Amino acid sequence: MANNPTNSDQPSAETLEETQTRLKAGKGAPTPSRAQQEAARKRPLVPDDRKEAKKAARAKEAEARERARVGMAAGDERYLPMRDRGPQKKFVRDYVDARFSIGEILIPVMFLVIILTFIPSAEVQAIGIIALWSFFLVAVIDVIILGAVLSRKLRARYGDKVEKVRWYAAMRALQLRVLRLPKPQVKRGQYPS
């Protein structure tokens, strides 16, 4: 074998203009001394105006909280708590938000029953309580059916790596749509594919 250098072994020949351009494109300023670098990094441990520093820190924290609140409401993964993160939880949220759940109107029905208990008639109060328990039973059955349907759909979509989402779906389905967090990202009837 002869020692023939290949094209990749040879250094690339640089023209005079390229060399001058490379040398001119330096960092543009002399390197600061160590004393200058240390002086630039020095900050007082306690700020001069503590009240102003405290106010600025509070404003910064409030801005971060507001950003997190808006991000969570919008469904941004960075701001969601761990229980709401992941593609399977997003699928569950979108599926629950796309359908009408009986449990959504559970709170208004409870409020109506509370009003009925103020009526002095025992029959009206009894009817209200029976209606509430009947409605609650129907809502529980609806949630059980929802959990079974979601488990089947998640298994078809994600295979064997399905998270336990029945309780998550049930709690979301029992909330009023306007009170859900993260806010619904789909309209009614717009089921995820």
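Residues numbered from 1 in each chain as written. Predicted model: local features only at pLDDT ≥ 70, side-chain atom pairs only at ≥ 80, totals over all residues. Heavy atoms only, no water.

Asks: How do you make sense of the packing of aromatic side chains when you look at a structure like this?
Replies: The description of two aromatic rings rests on the distance between their centres and on the angle between their planes. In this structure the tally under the stated criterion is 3 aromatic pairs. Judged by centre distance (5.1 Å) and plane angle (50°), the ring pair of tyrosine 95 and tyrosine 191 falls under tilted. Of this pair, tyrosine 95 sits in helix 4 (residues 87–98) while tyrosine 191 is found in the segment after helix 7 (166–173), placing the two residues 96 residues apart along the sequence. Residue classification places tyrosine 95 among the buried residues on the basis of a relative accessible area of 12%. Ring plane angle 85° and centroid distance 5.9 Å describe the contact between tryptophan 133 and phenylalanine 136, whose orientation is recorded as edge-to-face. Taken together, the residues span about one helical turn, with tryptophan 133 and phenylalanine 136 both in helix 6 (residues 122–158) at a distance of 3 residues. Residue placement shows lysine 89 over the ring face of tyrosine 168; its charged tip is 5.0 Å from the ring centre. (Phe/Tyr/Trp six-rings, centres within 6.5 Å; stacked < 30°, edge-to-face > 60°. Helix = DSSP H or I, 4+ residues; strand = E, 2+ residues; numbered from the N terminus. Buried < 20%, exposed > 50% of the residue type's maximum accessible area, 1.4 Å probe, protein only. Lys NZ or Arg CZ within 6 Å of the ring centre and 35° of its normal.)

Asks: Please clarify how the nonpolar core should be interpreted in this entry.
Replies: A general feature of soluble globular proteins is that nonpolar side chains tend to end up buried together. Counting residues in hydrophobic clusters, the biggest one holds 12 residues: Phe91, Val92, Tyr95, Val96, Leu146, Val149, Leu150, Leu154, Val165, Tyr168, Ala169 and Ala173. Mapped by element, the contributors of at least two residues to this core are helix 4, helix 6 and helix 7. The contacts of alanine 169, once residues within four sequence positions are left out, are Val92, Val96, Leu146 and Leu150. (Core = buried A, V, L, I, M, F, W, Y, C linked by side-chain atoms within 4.5 Å. Contact = heavy atoms within 4.5 Å.)

Asks: Explanation requested: the environment of leucine 154 in the structure shown.
Replies: The residue leucine 154 is located in helix 6 in this model. The buried category is assigned to leucine 154, whose relative accessible area is 0%. Distance in space between the C-alpha atoms of leucine 154 and phenylalanine 91 is 8.3 Å, their sequence separation being 63 residues. Setting aside its immediate chain neighbours within four residues, leucine 154 contacts Gln88, Phe91, Val92, Gly159, Val162 and Val165.

Asks: Can you help me understand the packing of helix 6 against helix 7 in this one?
Replies: Angle between the axes and distance between the axes are the two parameters that describe a pair of packed helices. As a packed pair, helix 6 and helix 7 sit with axes 9 Å apart at the nearest point and diverge in direction by 135°. Classified by the interaxial angle, the pair formed by helix 6 and helix 7 is oblique. Between helix 6 and helix 7 lies a crossing whose hand is right-handed. Between helix 6 and helix 7, the residues in contact are Val143, Leu146, Gly147, Ala148, Leu150 and Ser151 and Arg166, Ala169, Ala170 and Ala173, respectively. Per-class residue counts for the contact of helix 6 with helix 7 are 7 nonpolar, 2 polar and 1 charged. (Axes fitted to C-alpha atoms, helices over the stretch in contact; angles between N-to-C directions. Parallel < 35°, antiparallel > 145°, perpendicular 65-115°, else oblique. Left-handed = near helix turned anticlockwise from the far one by under 90°. Nonpolar A, V, L, I, M, F, W, Y, C, P; charged D, E, K, R; others polar.)

Asks: Looking at this model, I keep getting lost on the packing of helix 5 (residues 106–117) against helix 6. Mind explaining?
Replies: Orientation of helix 5 relative to helix 6, taken along the N-to-C sense of each, is 165°, at an axis distance of 8 Å. Comparing their axes, helix 6 and helix 5 come out roughly antiparallel. Viewed along their axes, helix 5 and helix 6 form a crossing whose handedness is left-handed. Counting all contacts with helix 5, which are made through Leu106, Val109, Met110, Val113, Leu116 and Thr117, the residues of helix 6 involved are Val124, Gln125, Gly128, Ile129, Leu132, Phe135 and Phe136.

Asks: What's the story with a positive patch on the surface in this structure? I'm lost.
Replies: A surface patch of positive charge is lined by Arg50, Lys54, Lys55 and Arg58. Secondary-structure assignment places arginine 58 in helix 3 (residues 50–74). (Patch = residues over 30% accessible without salt bridge, like charges linked within 9 Å, V, L, I, M, F, W, Y side chains within 5 Å. Areas by Shrake-Rupley, 256 points an atom, 1.4 Å probe, with all protein chains shown as cover. Salt bridge = Lys/Arg side-chain N within 4 Å of Asp/Glu carboxyl O. Lys, Arg positive; Asp, Glu negative; His and termini not counted. Charge placed at Lys NZ, Arg CZ, Asp CG, Glu CD.)

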